[in-house]
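# Per-entry structural report
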Amino acid sequence: MAPACVAAQPLSPGKLGCHAPRLSGLTLAAARTRAARAGCKLHLAGAAPEQPNVQTIERQAPARGRRASGITVWLNPFCRGAGLAGPHISEPLATPGPTGLVSGFYFVGGPASAGDFSAPGCKRPEPAPGPGTVEVLDASGAVIASGTSTEGRFVRLALAPGSYTIRGTFTGATVNEAHPVHTQSVVIPSGETVRQDFFLDIP
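Every chain begins its residue count from 1, and numbering advances along the sequence as written. Selection of residues for local features in this predicted model requires a pLDDT of at least 70, selection of side-chain atom pairs for listing and counting requires 80 or more, and totals for whole chains, interfaces and linings are taken over all residues. Only hydrogens and water are removed before side-chain values are computed, so all heavy atoms of the structure are retained for them.

## Details of unusual backbone geometry
Applied cut-off: Under the DSSP-based scheme used, a helix requires at least four consecutive residues in state H or I and a strand at least two consecutive residues in state E, with every element numbered from the N terminus. Exposed residues in this analysis have more than 50% of their type's maximum accessible area, buried residues have under 20%, and partly exposed residues fall in between, with area computed by a 1.4 Å probe over protein chains only.
Residue Pro62 follows Ala61 across a cis peptide bond; omega there is 0°. Note that Pro62 resides in the loop between β3 (57–61) and β4 (67–68). Omega for the peptide link from Glu91 to Pro92 comes to 0°, which places this bond in the cis form. Relative to the elements of secondary structure, Pro92 occurs in the loop between β6 (78–79) and β7 (93–96). Despite not being glycine, Asn176 shows a phi value in the positive range, around 55°. Take Asn176: it is sitting in the loop between β14 (162–169) and β15 (181–188). By relative accessible area, which is 75% here, Asn176 ends up exposed.

Here it is, written out as structure tokens:
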């Protein structure tokens, strides 16, 4: 006797789950809204939620487009810092390479509230330098080299080994209707590229 055939029962919407939207990189507040629109339940892991409008999603499971009953997201921590910050290096920084100088122009400081951010380990992304002009002076005070950078670029100058005074002009800012000028000393060893940036404090 042939076995009886049992008709397949359709799965309920709840068992089907939802198609996971992309949540990685969004703030927690935006991720909650997007997950709700997709009909997905959101489960939090990682850092404790403190500021949903600031904290971002590092990663998610399942990935975008996969069907699941819920989505787990790993939250980056809520971090505080200066509104504007320079590169995360100790300067001057000498590295093997063409003998010379590399300089960028950075604004630092600003309102503390503007410095709230979210990133793995609270490591702020490397900022891009602003525009400026660098002049290199020898011991007599004569300008022996100069270079100008645009937004997001560095000034790169080939120099002979020695001690110099470098003068940086912030062409992207004015104080009392003049471009701020900072001067500092730098030593360029043979066979090394020296990174020495200029920083302008913003109240």
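## Some details on the sheet that holds β7
Hydrogen bonds between backbone groups are what pair the strands of a sheet, and the pairing can be parallel or antiparallel. Here is the rule we go by: Should DSSP find at least two bridges between two strands, the strands are taken to pair. Axes here refer to lines fitted to C-alpha atoms; in helices the fit is confined to the stretch in contact. Angles between the N-to-C directions go from 0 to 180 degrees.
With mixed pairing, the 4 strands of this open sheet are ordered in space as β7-β16-β8-β13. Each edge of the open sheet carries a strand with a single partner, namely β7 and β13 (155–158). Between one strand axis and the next, the sheet turns by 20° as a mean value, whatever way the strands run. One ladder, built from 4 bridges, connects β7 with strand β16 (residues 192–195); its direction is antiparallel. Of the residues in β16, the one forming a bridge with Thr95 is Thr193.

No statement about biological role is implied by the geometric values presented.
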